[in-house]
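What follows is the residue order along each chain.
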Amino acid sequence: MESELIQRNSGADLTVKYTSQPPAPSVADYLAIASRRKWSFILPATIILIIAVAVALLLPPVYRATSTILIEEQEIPADFVVATVTSFAEQRLQQINQRIMSTSRLMEIIEEYDLYKEMREKRTSEEVIEQMREDVQLNQISAEVVDRRTGRPTAATIAFTLSYEGKDSPTKVQRVANVLTSLFLKENLAVRERQTSETSKFLEEEMQRVKQNLAETERTLSEFKEKHINSLPEMLQVNMQGLSTSERSIERLDEQLRSLKEREGYLHTQLANLSPYMENSDRQRLELLETELVALQTRFSDEHPDVIKAKAEVAALKKKMADDGEQADVDAGEPDNPAYVTLASQLASTRSEIRSVTNQIGELRKEKTKYEMRVEETPKVEREYQVLTAEQMNLKAKYNDLMQKHMEAVVAVGLEKGQKGERFTLIDPPQLPEKPFKPNRLAIALIGVVLGIGAGVGWAALREFGDQAVYSSERLAIGCGFPVLGEVPAIMTSEERRRRRIRRMVIITLVGIALIGGVVLFHYMVMDWWVFWAKLNRRLML
C-alpha cells in the first residue's frame, strides 16, 4: 500500500513519496555495501592469505629421486636352457622389497647418511624406520602381453620405478635413491643365484639319496634272485617243461616196468617148469616150487593162502629130501640144466632192469616233486619279485629324471652367473632433483586466496546483516514511517582525516608486501626468478 504526503515550505511544493515495503537492492546498493564493508572483506582475506603464504613458505621442501628399472627376459631361448627360478617378477619384487625394507638394512642407510636427524632425537627407532618405509615407494609398470602357455593376452610387469623422498638436501636424496636402486639390483642377482644354487644342490643331494636307495634295492633284488633262483617268474616255463618231461618219463618207465614185471613173471613160470639138474626130479620139483613161491610173494603177501600153501609144499619136499638123504640146498651145487641156466640168466637180467627202472622212477618222482614245489612257489615269489622290480624301475626312472634336472640346474647356475637369464636393467638412474616434490606452494597459496575471499565475503555479509544502522533516506522513511526532509553530508574532522591517511599507508604497505610475496611465490613455486629473467631477455632479444 502506497501513500503520498505533500507539504508546503517557503512557497515551494515538496512532495515525498514512500512505501510501506523496502525496495529491492540495486547495483548501487551493492556497491555501497562493498564500499562500506571493504575493510571487513580485506582484513580476513589478507590475514588468511598471509597465513597460507607463510605456511607455503615455512613448510620444509621435500625432494624426490626416482629410478626406472626394466625387467628383461633371458637372452638364451627357454627351449635350450630352462631357468630354475620359477617365481613371477611381481612376487620376486615384493620379496626383494621386504628384504631391503628390513629394519637392519634401513637402519644402516639411516646411520650412514644421517637421515631423519631431528626425528631420531624425538622419536623411537621403530617410528623412524616406519617413516622411511613410507618415503620409499615401489611402483610397477605393467603392459599387455601374450601368455606363452595360454596364448591369451594378460597384464605383465615389464618395469618398475623406485622412488625416495626426503626433507634432506637434493644430493643426499639422490644418493639414498642410488643406494636403494643398487640394493634392488644386487639383491635380485643374489636371489636368483641363491635359488639356482640351492636348486642344484638339492637335486644333487636328492640324486645321491635315490642312488643309494637304488643300490640297496638292487642288492636286495639280487639276494632275492639267488634265494629263489628256480622259482622266479622267468623260470616258470622251464619248470613247467621240466614237470611235463618228468611226468612223461615216469609214464614211460612205468610202462617199461610193467613190461619187465610181466617178463619176470613169464620167466618165473618157465623156470618153474625146469629143473636145474638133469638127473634129480625132487630137486627139480623143489626148484619149481621155490620159483612159484617167489612169483606168488611178488604178487601176494605172506598171509595169502596160496603163499602159505606154496611154503608148506616147499617145506614138505625139503623134509622128504632130507629123509631120503638128498641135498636140499639149491646153492650146494651149480645147476647143470642148460635151459634152466638160460632162463635163470634172463630172469636175473630182467630183475636187474626192474631195479634200474625202479630207481629211475624214484629219481624222476623226486625231480617231479621239486618242479611241482617250484611251480607252486612261483606266484608267491612273483608277487615279491614284482614289488622289488617295480621299486627298482621307479628308482631308476627317478634317478634318471633327477640326473637330467641336475644337469639342467647346473646349466641354469652358469646362466645366472653369466647374467644371461632374466635380469633387472637400470634404464633411468636417479637424477638430482632440481625442485621440491612437495609441498605445492602455489596450490597452498591458491587455496589461501579462495579461503581468504570466502572468509572476507562471509565476514562482510555477517557484519552487514547484523548492522541495524540506516544508510539511506528511503530506508529511514520506511523504517520510521515519517518523511525525510533533508540529508546532511558527512563532516570530516582532523582526527578522522589522520585515520584515513593511516589507513591509506596501511593499504599501500599491504600492497607492497603482496607484490613482494608474489615475486617470492613466483620464484619458489613457478620458476626461478633468474631463469625467468634469462628467458625474458632471450625473448626480448628475439
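In the block above lies the structure referred to throughout.
Quick summary incoming for the structure in this document. Predicted, not measured: the structure shown is a model, and the values here were computed from it.

### Some points on the pattern of salt bridges
The tally for this structure, following the rule as stated, stands at 14 salt bridges. Across the salt bridge formed by R209 and E206, the nearest N and O atoms sit 2.2 Å from each other. Of this pair, R209 and E206 both sit in helix α7 (residues 170–227), three residues apart, roughly one helical turn. Exposure remark for R209: the relative accessible area of 37% places this residue in the partly exposed category.

### A short note on the pairing of strand β3 (residues 63–72)
Inspection of the sheet shows β3 paired to strand β5 (residues 153–166) by eight bridges, in the antiparallel sense. Bridge pairing in β5 links T66 to S163. Bridge count for β3 against strand β6 (residues 423–428) is five bridges, and the pairing is antiparallel. Its bridge partner lying in β6, L70 is registered against T425.

### A few points about the nonpolar core
In this structure, I109, L115, Y116, M132, Y164, V176 and L180 are the most contacted members of the largest nonpolar core, which totals 31 residues. Among the elements of the structure, β3, α3 (89–100), α4 (103–113), α6 (125–135), β5 and α7 are those that each provide at least two residues to this core. Ranked by residue count, the leading element in this core is α7, at seven residues. Once residues lying within four places of it in the same chain are set aside, the contact partners of L115 are I109, I110, R120, M132, Y164, D168, K172 and V176.

### Digging into the environment of A443
Along the chain, A443 turns up in helix α12 (residues 441–466). In this structure the C-alpha to C-alpha distance between A443 and A56, which are 387 residues apart in sequence, comes to 8.8 Å.

### Describing the side chain of Q174
Looking at the element boundaries, Q174 is found in helix α7. Setting aside residues no more than four positions away along its own chain, Q174 makes contact with A65, P430, Q431, L432 and P433.

### Quick look at the packing of helix α2 (residues 38–58) against α12
For the pair α2 and α12, interaxial distance at closest approach is 7 Å and the crossing angle is 160°. By the criterion of interaxial angle, the relationship of α2 to α12 is roughly antiparallel. Two packed elements cross with a definite hand, and for α2 against α12 that hand is right-handed. Looking at the contact of α2 with α12 residue by residue, the class counts come to 17 nonpolar, four polar and two charged.

### Regarding α6
Three or more residues of α6 are buried, namely V128, I129, M132 and D135. Looking straight down α6, one finds its buried side chains confined to an arc of 115°; they lie on one side.

### Describing the packing of α4 against α7
Closest axis-to-axis distance for the α4/α7 pair is 11 Å, and the angle between their directions is 150°. The angle between the axes of α4 and α7 places the two elements in the roughly antiparallel class. Between α4 and α7 lies a crossing of right-handed hand. In this structure, α4 uses R105, I109 and Y113 to contact α7, whose residues at the interface are K172, R175, V176, V179, L180, L183 and E187.

### A short note on unusual backbone geometry
In this structure, D114 is a non-glycine residue whose phi angle is positive, near 55°. By the element assignment, D114 lies in the loop between α4 and α5 (117–122). Look at D114 and you get partly exposed, because its relative accessible area is 32%. Positive phi values are uncommon outside glycine, yet Y116 reaches one of about 50°. Within the secondary structure, Y116 sits in the loop between α4 and α5. Exposure remark for Y116: the relative accessible area of 12% places this residue in the buried category.

### Some words on helix α10 (residues 305–323)
A rise of 1.5 Å per residue sets the reference length of α10, with its 19 residues, at 27 Å; its end C-alpha atoms lie 27 Å apart and thus fit the reference within 8%. Three or more residues of α10 are buried, namely V307, A310, V314, L317 and M321. All buried residues of α10 fall inside an arc of 95° around its axis, so they share one side. Residues of α10 that are exposed and point more than 90 degrees away from the buried face comprise P305, K309, K319 and D323.

### Details of the environment of V173
With respect to the helices and strands, V173 occurs in helix α7. Residue V173 is classed as buried on the basis of its relative accessible area, which comes to 0%. For the pair V173 and Y113, spaced 60 residues apart in the sequence, the C-alpha separation amounts to 9.5 Å. When near neighbours in sequence (up to four residues on either side) are disregarded, V173 contacts Y63, R64, A65, Y164, G166 and D168.

Here is what the cut-offs are and how they apply
- Residues numbered from 1 in each chain as written.
- Predicted model: local features only at pLDDT ≥ 70, side-chain atom pairs only at ≥ 80, totals over all residues.
- Heavy atoms only, no water.
- Salt bridge = Lys/Arg side-chain N within 4 Å of Asp/Glu carboxyl O.
- Helix = DSSP H or I, 4+ residues; strand = E, 2+ residues; numbered from the N terminus.
- Buried < 20%, exposed > 50% of the residue type's maximum accessible area, 1.4 Å probe, protein only.
- Pairing = 2+ DSSP bridges.
- Core = buried A, V, L, I, M, F, W, Y, C linked by side-chain atoms within 4.5 Å.
- Contact = heavy atoms within 4.5 Å.
- Axes fitted to C-alpha atoms, helices over the stretch in contact; angles between N-to-C directions.
- Parallel < 35°, antiparallel > 145°, perpendicular 65-115°, else oblique.
- Left-handed = near helix turned anticlockwise from the far one by under 90°.
- Nonpolar A, V, L, I, M, F, W, Y, C, P; charged D, E, K, R; others polar.
- Arc of directions from axis to C-beta.
- Expected span 1.5 Å × (residues − 1).

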